[in-house]
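Tertiary structure, described
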Amino acid sequence: MPNRLPIFTLLALLLTLPATVSGATRTGVIDHVADGDTVVLKGGETLRLVQIDTPEVYGDTECYGRRASALTESILPRGTRVRVATDPRLDRRDRYGRTLAYVWKGASLVNLRLVREGAAAPYFTSGDQGAYAAQILETAVAARKAGKGLWGQCRHGSVPLRATQGVSTGPVNATRKTVAGGSSANCNPNYTPCVPNSKNDLNCPDVGHPVKVIGSDPYNLDGNGDGFGCESY
């Protein structure tokens, strides 16, 4: 007769196994990005990236809101295949009916990447912490210390990090620095958000934020031809 572990020993071993986000991990295809922390899959399901928050782009547009949305669009363009999982420690849906989920592109957890780039802040609704809460918070602290994204651009570099509240970056014009030629009259029509018209070639450090190419690409910001440029900003 084969050796078998006593039931109490087996239960103890199971309790020490690493937590997983869900046994219901599935795949989907991106239809479009609604804003920095919200995407829609083909078929119509709306995903709210859980445990993070990006500045608003609807209503009273906030500082860094459009840049955060542009970054998410550059990471998850239409047609991107992703893995999706809910977290058993957290609510599955929010009050708007959106699925609260982690989204992976390949091996990259998009929720965490947005925090790393300074495009999103931790948001633990009601203080509830999921499987990646500690990593998200640690990453946000590092991004804030380095002045990345919204942490350096908004409220003169003094955006508070409050994980139990949505991020508040202030109005669009409450930035530390602005891109030269930021008025709509001087924006190159081939890009969004604004890239200034220039007689000379521009590089991504001159632009300072992710862009979507909506025409030609006169400054060659889209190096891989995927329709997006300066993804690392």
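Quick notes on the rules
Residues numbered from 1 in each chain as written. Predicted model: local features only at pLDDT ≥ 70, side-chain atom pairs only at ≥ 80, totals over all residues. Heavy atoms only, no water. Helix = DSSP H or I, 4+ residues; strand = E, 2+ residues; numbered from the N terminus. Buried < 20%, exposed > 50% of the residue type's maximum accessible area, 1.4 Å probe, protein only. Contact = heavy atoms within 4.5 Å. Pairing = 2+ DSSP bridges. Core = buried A, V, L, I, M, F, W, Y, C linked by side-chain atoms within 4.5 Å. Disulfide = S-S within 2.5 Å. pLDDT = per-residue confidence, 0-100. Polar contact = N/O pair within 3.5 Å; in protein donor to acceptor, adjacent residues only side chain to side chain.

With respect to the helices and strands, S69 occurs in helix α2 (residues 65-75). A residue is classified by how much of its surface remains accessible, and S69, at 10% relative accessible area, is buried. Beyond its immediate chain neighbours, meaning those up to four positions away, S69 contacts V33, D35, G36 and V57.

Once that is clear, we can look at the pairing of strand β1 (residues 26-35). The pairing of β1 with strand β5 (residues 81-85) spans 4 bridges and is antiparallel. Bridge pairing in β5 places V29 opposite R81. Of the pairings in the sheet, the one linking β1 to strand β2 (residues 38-41) comprises 4 bridges and is antiparallel in character. Bridge pairing links D35 to T38 in β2.

On to the nonpolar core. Formed by 42 residues in total, the largest nonpolar core has its most connected members in L76 and L114. For this core, the element with the most residues is strand β6 (residues 99-105), which contributes 5 residues. Apart from the residues within four sequence positions on either side, L76 is in contact with I30, V33, V39, V82, V103, K105 and V110. One finds V211, V213, Y219 and C230 within the second-largest nonpolar core, a separate group that totals 10 residues.

The next point concerns the sheet that holds strand β11 (residues 228-229). Ordered in space as β9-β10-β11, the 3 strands form an open sheet in which the pairing is antiparallel. Strands at the two margins of the open sheet, each flanked by one partner only, are β9 (191-192) and β11. Bridge count for β9 against strand β10 (residues 211-213) is 2 bridges, and the pairing is antiparallel. Across the sheet, residue T192 finds its bridge partner in β10, namely K212.

With that settled, consider the state of the cysteines. Counted by the stated rule, this structure contains 3 disulfides. Linked covalently through their sulfurs, C63 and C154 form a disulfide whose S-S length is 2.0 Å. Its torsion about the S-S bond being -85°, the disulfide of C63 and C154 is classed as left-handed. Taken together, the residues C63 in the loop between β4 (52-53) and α2 and C154 in the loop between α5 (150-153) and β9 connect sequence positions 91 residues apart. The disulfide partner of C204 is C230, and the S-S distance across this bridge is 2.1 Å. With the S-S bond torsion at -90°, the cross-link from C204 to C230 turns out left-handed. Here C204, found in helix α6 (residues 204-207), pairs with C230, found in the segment after β11; they are 26 residues apart in sequence, far enough to count as distant. Of the residues examined, C230 reaches a relative accessible area of 4% and is grouped as buried. Here the cysteine-cysteine linkages of the protein chain are recorded as 1-2, 3-4, 5-6, numbering only bonded cysteines and doing so in sequence order.

With that out of the way, let us pick up the confidence of the model for the protein chain. When the pLDDT values of the protein chain are averaged, the result is 84; 84% of them are 70 or greater. Note that pLDDT drops below 50 for residues 7-19; the model gives that stretch 2 contacts with residues more than four away or on any other chain. Low pLDDT, under 50, characterises residues 176-183; the stretch is placed with 17 contacts to residues that sit more than four places away or in other chains.

This next bit is on the side chain of N190. Examined against the element boundaries, N190 turns out to sit in the loop between α5 and β9. Polar side-chain contacts of N190 include one of 2.9 Å to the backbone nitrogen of S216. Those residues in contact with N190 that sit more than four places away from it in its chain are K212, V213, I214, G215, S216 and P218.

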